[in-house]
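# Per-entry structural report
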Amino acid sequence: MSTGQTSDPIAAYEKRIAALEAKLNTLEESVISRTVRESETFDWKTWAERFGLLIAWGVMILILGAFKPDQMFAWNSYASMFGSNAMVVVLTLALMIPLTTGDFDLSVASVMGLSSMLLAVLNVKMGMPIGGAIVFVLAAGAIVGLINSFFILYFGVHSLIVTLGTGYFINGVILWVSNSNTIAGVSMDLVKAVILTRLFGIPIGFYYALALSVLVWYVFQHTSLGRRLLFVGRGREVARLSGVNVNRVRTGALVASGVIAAFAGVLYTGMRGASDPSSALAFLLPAFAAAFLGSTAIYPGRFNAPGAFVAVFFLSTGIMGLNFLGVDSFVQNLFYGGGLVIAVSISQLIRGRKPMD
Amino acid sequence: MKNLILPTLGGLLMLAVPAKADMAAAEALIAKHSQLPTFEAPGPAFDAKACMKDKKMFVIPLTNANPFNAAISQGFVDAAAMVGFELRDWETQMDPAGWIQGINTATAEGFDLIDLQGGLPPEFLVPQITEARTAGVKVTATHNWDATTQTVPDFMDGAANTDYVTVGEIIAAWAMVKTGGKVNAIVLGPDEITPTAPLRDAIIGYLKDNCPDCKTQYINVPVNDWATKTQPAVQNALLADPTINYVLPVYDSMSQFIVPAIQIAGSSAKIVSYNGTPFVLDMMRDGDIVEMNVGESLGWVGMAGTDANMRLLCGLDPVTKLNTPAYIFSDENVATAGNPATFNDGYGDVHRAGFAKLWGVE
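Below is a summary of the structure that appears in this document.

How each quantity is defined
- Residues numbered from 1 in each chain as written.
- Chains lettered and ligands numbered in written order.
- Predicted model: local features only at pLDDT ≥ 70, side-chain atom pairs only at ≥ 80, totals over all residues.
- Heavy atoms only, no water.
- Pairing = 2+ DSSP bridges.
- Helix = DSSP H or I, 4+ residues; strand = E, 2+ residues; numbered from the N terminus.
- Axes fitted to C-alpha atoms, helices over the stretch in contact; angles between N-to-C directions.
- Disulfide = S-S within 2.5 Å.
- Buried < 20%, exposed > 50% of the residue type's maximum accessible area, 1.4 Å probe, protein only.
- Right-handed = clockwise from strand over helix to strand, strands pointing away.
- Phe/Tyr/Trp six-rings, centres within 6.5 Å; stacked < 30°, edge-to-face > 60°.

## Regarding the sheet that holds strand E3 (residues 113-117) of chain B
All names here are of chain B. In space, the 5 strands of this open sheet follow the order E2-E1-E3-E4-E5, with parallel pairing throughout. At either end of the open sheet lies a strand with only one pairing partner, and these are strand E2 (86-89) and strand E5 (158-162). Here the average twist between neighbouring strands, direction ignored, is 20°. Here 5 bridges tie strand E1 (residues 56-61) to E3, and the two strands are oriented parallel to one another.

## A look at the state of the cysteines
Residue and element names in this part refer to chain B. Counted under the stated rule, the structure contains 2 disulfides over all chains. Cys 51 shares a disulfide with Cys 314; S-S distance 1.6 Å. Here the residue Cys 51 occupies a position in helix H3 (residues 48-51), and Cys 314 occupies one in the loop between helix H12 (298-313) and strand E11 (327-330), the gap between them amounting to 263 residues. Two residues share a disulfide in this structure: Cys 211 and Cys 214, whose sulfurs sit 1.9 Å from each other. A torsion of 50° about the S-S bond marks the disulfide between Cys 211 and Cys 214 as right-handed. In this pair, the class of Cys 211 matches that of Cys 214, namely buried. Along chain B, the cysteines engaged in disulfide bonds are linked according to the scheme 1-4, 2-3 when indexed in sequence order.

## Examining the pairing of strand E10 (residues 290-295) of chain B
On a regular strand, each side chain points to the face opposite its neighbour's, so the side chains alternate between the two faces of the sheet. Residues and elements named next belong to chain B. Counting buried positions along E10 gives 6 out of 6 residues, so the element sits mostly inside the fold. As judged from the 4 bridges shared by strand E9 (residues 270-274) and E10, these two strands associate in the parallel manner. Its bridge partner lying in E10, Ile 271 is registered against Val 290. Once the chain exits E9 it traverses helix H11 (residues 278-286) before rejoining the sheet at E10, and the crossover so formed is right-handed. As defined by bridge partners, E10 adjoins E11 across 4 bridges and the pair is classed as antiparallel. Bridge assignment links Asn 293 to a residue of E11, and that residue is Phe 329.

## Regarding the packing of aromatic side chains
Evaluated as defined, the whole model comprises 29 aromatic pairs over all chains. The interplanar angle of 65° and the centroid separation of 5.9 Å between the aromatic rings of Phe206(A) and Phe313(A) together place this pair among those described as edge-to-face. Taken together, the residues span a long stretch of sequence, with Phe206(A) in helix H10 (residues 205-222) and Phe313(A) in helix H15 (residues 305-325) at a distance of 107 residues. Looking at Phe313(A), the relative accessible area reads 0%, which means it is buried. Ring centres of Phe58(B) and Phe111(B) lie 5.0 Å apart, and the angle between their planes is 75°; this geometry places the pair in the edge-to-face category. With Phe58(B) in strand E1 and Phe111(B) in the loop between helix H5 (96-108) and E3, this pair connects stretches of sequence that are 53 residues apart. Each member of the pair, Phe58(B) as well as Phe111(B), carries the same accessibility label: buried. Connected via pairs of aromatic rings, a cluster forms that spans Trp75(A), Phe82(A), Phe206(A), Tyr207(A), Phe309(A) and Phe313(A).

What follows is the structure, encoded as structure tokens:
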């Protein structure tokens, strides 16, 4: 094989890349000019799309408040609700990061349960100080993320299958390390650091979730890392050809997901002062619901932290109002499931029914 | 007119002099169940070793992953060891496929009796139960139905049932005595679980019948929703009515979701419940929110279930009610349950000697 034969295709390939880059530049310029135009002229449709969920939240409060004003217009109600949903916000953020890079992490709730249980076992059964135990369980979350990414990236197995499997595996580990028992008596220092300390009447766990949401928002919106995450999610091949280390970004997202899910577990244990082997799994679907509902707001069409944050509290405000009205348990499911599908569908209508990423 | 006025006056007088809660009866009920359990033989003594010589028993728990069921199973295993017959404790994970496989295995391997223990709903398995019975295997249930308000279906050979009504009444009586007849309680339970109805109705009914100034509201939280719905439901109920002074979940495992609700809502409500689950007793010992818990020795339940099954296999008069007494744990005696607490400590072990004597294996 002569060198001449191989150099030609390479030259042709480089030429094609140059053409592609030129095309991308033109596209980017047109996008920028359109954004400038859009920012100059106030567009009701874009505005409604971005803030629709916030408006719906406000309208819902007003409607429910018309029936139960004493409770729905009391700060204490919201302070309590904000405090008790901290771990759902954190779990949603954990889910959102790999979703952005195009990977599903079905093991997040299991990691939350594992971290919650390991924390109880280490602190209560083995007498480890709570600070050290927290570091340990966050590291455990990172290890699960690494294991997930190893199977997804090295073997090329779809993330749904891998994380479904690791999730089940972790559930077994939880039952094993806990001997199937619920463990109570976790250090009161943790309970104080999650719900017993309050700021403006809101348990402090809420502020951890808020801070983490701001951090994730900042990384996604204002750093090149955030752009790379998005880029990988939108088109792996294009990202790879543009010089993004796709595997590293996807691994990073899965590890971040593991660590953040483990943090949700810390909050969950701190909220109850106890840990049980199975209940954390029930938060997987609410987290998915909030992630998808959140992707229709603030930065529509993308998984985004402020959207997810608003979505969690939109859904829990609805549940709170239904509780105040004293409706049956099944109505909450109707609201949760129906609310999700209707809200996302309305958002799609506004977006001109473009396929969701 | 006179006819109309007199009853009206009578009604007004009744309003003016409020009816008093039946406090003495409530106190007596609490005192009775605060005493260490004593053994009352469920039936006449019999030679268990002789009649079980060529028989074997198969136990299918709701799930082995639940320490409650594991503790009952251990009672069965201990009883079989005392008498000296073969008993197999089937491993299941709350899955109907595992239960069905258990029934099929027991039938295929020629077991004489299958016991579905600790809440495994036999109604889900009627075809398999019928098939097993056709093959000559007896099928029973231990610790599933209430001894007085529920009937054992015809497709079963028998059942050793629990006195859930008394448990519910103890819980209600406790709250009534502690508040001086001013209970304002949330009662919670998963309606889809068989014992919920007798427990729920006993708590609410006892307060309705015996305590005119007491009020309750009931919230149904299915087991699958415990983690996501219990806390908001209780929290919001406490916010809506800050005078609520008791939260009465029919099963104490719900407490882990109720404690944070009480803390976040800034309420001073107390939790009183049933099951004697170790972590809840630990919560009672270490904190102030869990105030009382009605427990029963689960090792005793397993032995009492074995006793009822052996009587069925030996053709003796049937025993339909477990003789395991309900026992009150509070701050005063929770230390006796162990640290960490267990399902069997604190109740004494009179049942071991009692059953050994009853079965002639002393």
